[in-house]
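# An overview of the molecular structure
Here is what each chain is made of, one letter per residue.
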Amino acid sequence: MPTPEKQPMSPEVMLGILKATMPFQVVSEALLRKIAAIGWKESYRAGQTLYEAGGPAEDLFIVVSGKIDHELQPGVNARRPMKTLVEGDVFGWAALLEKVPNRLAKAVCTEDALIIRINGEELLKVLGSDPDAGDVVMSRFATMITRDYTVPDLFAQLRGIHRKMHARDPQGMNVTLYRLTRWLKSPRPYLMFIGLSIFFGSWYLAVEVFKLPRFREMPGITTVVIEWLNPNPVFGLSLYSEEYYKHIAVSIWRVTQAFLLATALGVPLGLFLGWSKGVKDYVFPIFELLRPIPILAWVPIAIVMFVATESAVIFLTFLASFFATALNTMLGVESIDESYVRAANCLGASKSQVFFHVIVPGSLPFVFTGLQISVGVSWFSLVAAEMVSGQYGLGYVINTSYTMIRYPTIIIGMITLGAVGYVTSAMVRVAGDYMMQWRVRELALGSR
Amino acid sequence: MAAATAMPQGAAATRGAIRIEDVVKIYDPEGAAVMAVDHCSLDIAAGEICMIVGPSGCGKTTLLNAIAGFHEITSGRITLDGEVLCSTEKPRSTPGSDRVVVFQNGALFPWKSNLDNVAFGPVMQGKLSKTEAREKALSMMADAGLNGVEHNFPGEVSSGVRRRIEIVRALMNDPKVLLLDEPYRALDSLTKSVMHEALLEIYYRNKVTIFFITHDLEEAIFLGHKVAIMTSRPCKPKKILTVDIPHPRDYGVLTSKRFRELIEETNEAVHEEAVKAFQSGEKEG
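Quick notes on the rules
- Residues numbered from 1 in each chain as written.
- Chains lettered and ligands numbered in written order.
- Predicted model: local features only at pLDDT ≥ 70, side-chain atom pairs only at ≥ 80, totals over all residues.
- Heavy atoms only, no water.
- Helix = DSSP H or I, 4+ residues; strand = E, 2+ residues; numbered from the N terminus.
- Buried < 20%, exposed > 50% of the residue type's maximum accessible area, 1.4 Å probe, protein only.
- Contact = heavy atoms within 4.5 Å.
- Areas by Shrake-Rupley, 256 points an atom, 1.4 Å probe, with all protein chains shown as cover.
- Patch = residues over 30% accessible without salt bridge, like charges linked within 9 Å, V, L, I, M, F, W, Y side chains within 5 Å.
- Salt bridge = Lys/Arg side-chain N within 4 Å of Asp/Glu carboxyl O.
- Phe/Tyr/Trp six-rings, centres within 6.5 Å; stacked < 30°, edge-to-face > 60°.
- Pairing = 2+ DSSP bridges.
- Axes fitted to C-alpha atoms, helices over the stretch in contact; angles between N-to-C directions.
- Parallel < 35°, antiparallel > 145°, perpendicular 65-115°, else oblique.
- Left-handed = near helix turned anticlockwise from the far one by under 90°.
- Nonpolar A, V, L, I, M, F, W, Y, C, P; charged D, E, K, R; others polar.
- Core = buried A, V, L, I, M, F, W, Y, C linked by side-chain atoms within 4.5 Å.
- Domains from an automatic or database assignment.
- Expected span 1.5 Å × (residues − 1).
- pLDDT = per-residue confidence, 0-100.
- Buried area = accessible area lost by both parts, 1.4 Å probe.
- Polar contact = N/O pair within 3.5 Å; in protein donor to acceptor, adjacent residues only side chain to side chain.

### Notes on the overall build of chain A
- Of regular secondary structure, chain A possesses 17 helices and eight strands.
- Within chain A, the proportion of its 448 residues that are buried is 48%.
- Counting contacts in chain A only where the partners sit at least 6 residues apart, residues at least 24 apart contribute 74% of the total.
- Summed over its atoms, the accessible surface of chain A is roughly 22,800 Å², and 64% of this surface lies on carbon and sulfur atoms.

### Section: a nonpolar patch on the surface
- Residues A:Tyr204, A:Leu205, A:Val209, A:Phe210, A:Leu212, A:Phe215 and A:Met218 make up a contiguous nonpolar surface patch of about 590 Å² in total accessible area.
- Counting through the fold element by element, A:Tyr204 comes out in helix 7 (residues 188–209).

### A short note on the side chain of A:Ser321
Residue and element names in this part refer to chain A.
- Of note, Ser 321 is situated in helix 12 (residues 309–335).
- Using a relative accessible area of 0% as the deciding quantity, one classes Ser 321 as buried.
- Those residues in contact with Ser 321 that lie beyond four places of it in its chain are Ala 262, Ser 374, Val 377 and Ser 378.

### Description of the packing of aromatic side chains
Residues and elements named next belong to chain A.
- Across all of its chains, the model carries 25 aromatic pairs over all chains by this definition.
- Summarising the aromatic geometry, the rings of Phe 272 and Phe 355 are spaced 5.7 Å apart at their centres and angled 15° between planes, so their arrangement reads as stacked. Of this pair, Phe 272 sits in helix 9 (residues 242–275) while Phe 355 is found in helix 14 (residues 351–388), placing the two residues 83 residues apart along the sequence.
- A residue is classified by how much of its surface remains accessible, and Phe 272, at 40% relative accessible area, is partly exposed.

### Looking at the sheet that holds strand 9 (residues 226–230) of chain B
Residues and elements named next belong to chain B.
- Pairing is mixed across the open sheet formed by six strands, whose spatial order is 6-7-8-3-9-10. For this open sheet the edge positions go to strand 6 (99–102) and strand 10 (237–242), each flanked by a neighbour on one side alone. The mean inter-strand angle of the sheet, taken between neighbouring strand axes irrespective of direction, is 15°.
- Note: strand 3 (residues 49–53) against strand 9, four bridges, orientation parallel. Counterpart to Ile 52 in the pairing with strand 9 is Ala 228.
- Helix 8 (residues 257–280) contacts strand 3, strand 9 and strand 10 of the sheet and is inclined by roughly 165° relative to strand 10.

### Looking at the packing of helix 9 of chain A against helix 16 (residues 407–435) of chain A
Residues and elements named next belong to chain A.
- Between helix 9 and helix 16, the least distance of the axes is 11 Å, while the angle of their chain directions is 40°. With respect to helix 16, the element helix 9 is oriented oblique. Remark: the crossing between helix 9 and helix 16 carries right-handed chirality. When helix 9 is examined against helix 16, the residues Tyr 244, Ile 248, Ile 252 and Phe 259 are found in contact with a partner set consisting of Ile 412, Thr 416, Val 420 and Val 428.
- A breakdown of the residues in the contact of helix 9 with helix 16 according to their chemical character gives seven nonpolar, one polar and no charged.

### Overview of the pattern of salt bridges
Residue and element names in this part refer to chain B.
- One pass over the full model with this rule turns up 30 salt bridges over all chains.
- A salt bridge links Asp 174 to Arg 15; its shortest N-O distance comes to 3.3 Å. Note that Asp 174 is positioned in the loop between helix 5 (159–171) and strand 7 (177–181) and Arg 15 in the loop between helix 1 (2–6) and strand 1 (18–27), a separation of 159 residues in sequence.
- With relative accessibility at 52%, the residue Asp 174 sits in the exposed group.
- Given a relative accessible area of 31%, Arg 15 falls into the partly exposed group.

### Thoughts on the nonpolar core
- One finds B:Ile20 and B:Phe211 to be the most contacted residues of the largest nonpolar core, which totals 115 residues.
- Counting only domains with at least three residues in this core, you end up with domain 1 (12–98 + 177–280) and domain 2 (108–174) of chain B.
- Setting aside residues up to four positions removed in sequence, B:Phe211 forms contacts with B:Ile20, B:Ile44, B:Cys50, B:Ile52, B:Leu63, B:Leu64, B:Ile67, B:Val177, B:Leu178, B:Leu179 and B:Leu180.
- Counting residues in each nonpolar core, the second largest holds 52 residues, with A:Phe24, A:Leu32, A:Val64 and A:Trp93 among its members.

### Remarks on helix 6 (residues 189–205) of chain B
Residues and elements named next belong to chain B.
- Here helix 6 spans 25 Å end to end across 17 residues, near enough to the 24 Å set by a 1.5 Å rise per residue.
- The buried count for helix 6 comes to 12 of 17 residues, which makes it a mostly enclosed element.
- Of the residues making up helix 6, those classed as buried are Thr 191, Lys 192, Ser 193, Val 194, Met 195, His 196, Ala 198, Leu 199, Leu 200, Ile 202, Tyr 203 and Tyr 204.

### Points about the confidence of the model for chain B
Residues and elements named next belong to chain B.
- Put simply, chain B has an average pLDDT of 83, and 93% of its residues get 70 or more.
- Looking across chain B, the model is least confident in helix 1, with a mean pLDDT of 38, and most confident in helix 3 (residues 114–124), with 93.
- The low-confidence segment residues 1–11 (pLDDT under 50) makes 11 contacts with residues lying over four places distant or belonging to another chain.
- Among the scores for the predicted complex, ipTM is 0.88 and pTM is 0.70.

### Considerations on the pairing of strand 5 (residues 83–87) of chain B
All names here are of chain B.
- Two elements, strand 4 (residues 75–80) and strand 5, share four bridges in a ladder whose sense is antiparallel. Following the sheet pairing, Arg 77 is matched in strand 5 by Ser 87.
- The hairpin formed by strand 4 and strand 5 contains two residues between the paired strands, and Asp 81 there has a positive phi angle of roughly 50°.

### Concerning the interface of chain A and chain B
- Listed as interface residues are 32 residues of chain A and, on the opposing side, 38 residues of chain B.
- Each partner contributes to the roughly 3,200 Å² buried at the junction of chain A and chain B, and carbon and sulfur atoms together form 62% of this total.
- Taken as a group, A:Arg342, A:Cys346 and A:Leu347 account for 22% of the area that chain A buries against chain B, more than any other trio of residues on that side.
- Remark: the boundary between chain A and chain B carries zero salt bridges.
- Where chain A packs against chain B, one counts five residue pairs in polar contact (both at pLDDT 80 or more).
- Among the elements of the structure, helix 5 (155–165), helix 13 (338–346), helix 14 and helix 17 (437–446) of chain A are those that each provide at least two residues to the side of chain A that touches chain B.
- Looking at which element gives the most residues to the side of chain A that touches chain B, the answer is helix 13 of chain A, with seven residues.

Dropping the structure here:
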């Protein structure tokens, strides 16, 4: 078919026409101007075909004058596939749908017609520059497609439009970045800042300004910060001393070993406990007997059992993590809806296929909850273990600083522990999000 | 309508005949024997849409579970195309892809994309490679008007779309029977009407026996060749109605005189059982 020439159109006129269409009615003047800037005018004679079903869908059309017959192909399931388009009608919206690169309809002029044509990709880019207004435009497109074009069930595709407009299909790290920018735009980081200020402010006031008797021996925040930033620390430990990093590294290494071991043993055990009634009947009572025993109660046995102190420390750190991981994994398996297993059986999955395709992915949300708890308790038990034995590590720092009356160093050790613990727990969360895209997206839609 | 041309009238399906013979199911929770199904017999012809209507908790699902192989029966026999699925001697049938269930609350795997959900059956059975199964799934989804959602997760699409995907997932296995357990129960009436037409369209294209459980009489008469109205617990057919409105049907049927007559004819029987169920205070199930 002969392509008509692109004709320029005065932005003012185009603005007026856009403003009269259903999708663009409510858009601000400024955004309309941007949209008008990417559109152009074309004229067609009666009988000319604008496009056929199956052709590439790149542009969106708006009728300025004339009449156009629009017939949706049967696969679209429109209640009334035929529609005559007149002034102000918008068509060619397949250009905006996600994963529909082709025309869904045939459009033929029945009278000489003048139309405005806008490239779909460019329109989405413009709308993306103002996502809030863009969302409104898109939902009006949605209403138009279901109401005027009687196409059912485009709901899901329209969701797709939203995402396309936001110009990202969040995956992996992108989700995290996306969340980060959203977080920075919300009031939460600022409230967090205020909360922290109040906390450290009260510490400062209680110790250094009012000198409350209860806090007589407590080092003030300025003392701690000065010591921490001191190239020649009074008590031997600051950001500048090599020792400081050695302590951190040793602790992290111990937690890593214990955490990995707990995960490698705890997740499979939990899966089997949840999956097989027999395994559960054997193992669970022992499990429940050992689980409530506090880590400190294990210390003497650990020291007796392991000749090397290093192994004893790792064993103690491992224990609590292991129980948390195994228990949550088991709960995860038990939480899986019976229908999923039945559906898999119906569809011909064998027992092992059910295990790997249903049980494992289905329990992942609980598994990661367990791993978060696990990494938390591993720090907890690490410090307990390091206080009892060991040569290095943050727990060791805190304990020896106490016996040697280096009070600011205790606080440095504590705050460092808090920060490192927080980072490791965040890493587990990120790994979980990465492995459970389906859940991240589901939750994102739920909170919309 | 496209459906009218797709299926020549009267072409009989040759497979998927279910015969339920004298089936009894007694639950025995804590020694108190509860009869869920009482000497129930029902014949479903190959390629027939059979609607099972009864009040919630009457034991309809027990029958479906027996056919699908999720539960044992106490006595009786169920056959599919003459082959015994379960009987007094072998109380539990083996679940298989010739009888696929579409579940009440939906059972698409939320951790798999819609496409991988549809491709699941043939891949698990080793009938198709992953790539082949995906290709077939793509074309089947396109046929059902589900293009555009293939790479989304089930949690990202509407419940109506999810139900349709689940039906396509079942059809991927070329089953003899589709077992539907109140699949549209949670949908609003508008979506439901769209789903009914979509189901019929799918049915006209793949003539498969449909065993459809519902408590909605209008839905039953609109869709079914045969409507079995079940008694409240214990469950057995109280009245079997043959719907003489010709297929293919569309929503025009709902306002037809014959449809209204059929509703009137059966309404009382259904209501009676609903009252009985209400009075006995059975838990929904």
